[in-house]
Amino acid sequence: MVSKKNKRKIVYERTNYYWYVRINEHGHRVHIISDDKKVHLEYPFLDTEIPVTPQDIRNYLKQYYADIL
């Protein structure tokens, strides 16, 4: 179970995912974690003036699953 504090929830393909944005030495990063912690994705967040939307998260997940198939 993923800690839900300061995270946003999204349901994709009947699976719960939680996502958040963090700043580290590499800049802004979007983190996406499945509820069972089997999937943990991290993507660069290039433009800090444009907010990350749920549609962006769905696109990242769609791209991830298309790449592994």
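See above for the structure.
The structure reproduced in this document is the subject of the present report. (Residues numbered from 1 in each chain as written. Predicted model: local features only at pLDDT ≥ 70, side-chain atom pairs only at ≥ 80, totals over all residues. Heavy atoms only, no water.)

Focus on the pairing of strand β1 (residues 8-12)
Then step 1. With 5 bridges joining them, β1 and strand β2 (residues 15-24) adopt antiparallel strand pairing. Counted as the bridge partner of Ile-10 is Tyr-17 from β2.
Then step 2. Turn length for the β1-β2 hairpin, with the two strands adjacent in sequence and antiparallel, is 2 residues, and the turn residue Glu-13 shows positive phi of about 55 degrees. (Pairing = 2+ DSSP bridges. Helix = DSSP H or I, 4+ residues; strand = E, 2+ residues; numbered from the N terminus.)

Focus: unusual backbone geometry
Then step 1. Residues other than glycine seldom take positive phi values, yet Asn-6 does so here, at roughly 60 degrees.
Then step 2. Mapped onto the elements, Asn-6 comes out in the segment before β1.
Then step 3. Of note in the backbone geometry, Lys-37 takes a positive phi value of approximately 65 degrees without being a glycine.
Then step 4. The residue Lys-37 is located in the loop between β3 (27-34) and β4 (40-44) in this model.

Comments concerning the side chain of Arg-29
Then step 1. When you line up the elements, Arg-29 lands in strand β3.
Then step 2. Among the residues examined, Arg-29 registers a relative accessible area of 17% and is labelled buried.
Then step 3. Within the local environment of Arg-29, its side chain forms a polar contact with the side chain of Glu-42, the two groups lying 3.0 Å apart.
Then step 4. Leaving out residues up to four positions away in the same chain, Arg-29 has contacts with Tyr-20, Val-21, Arg-22, Asn-24, Glu-42, Tyr-43, Pro-44 and Phe-45. (Buried < 20%, exposed > 50% of the residue type's maximum accessible area, 1.4 Å probe, protein only. Polar contact = N/O pair within 3.5 Å; in protein donor to acceptor, adjacent residues only side chain to side chain. Contact = heavy atoms within 4.5 Å.)

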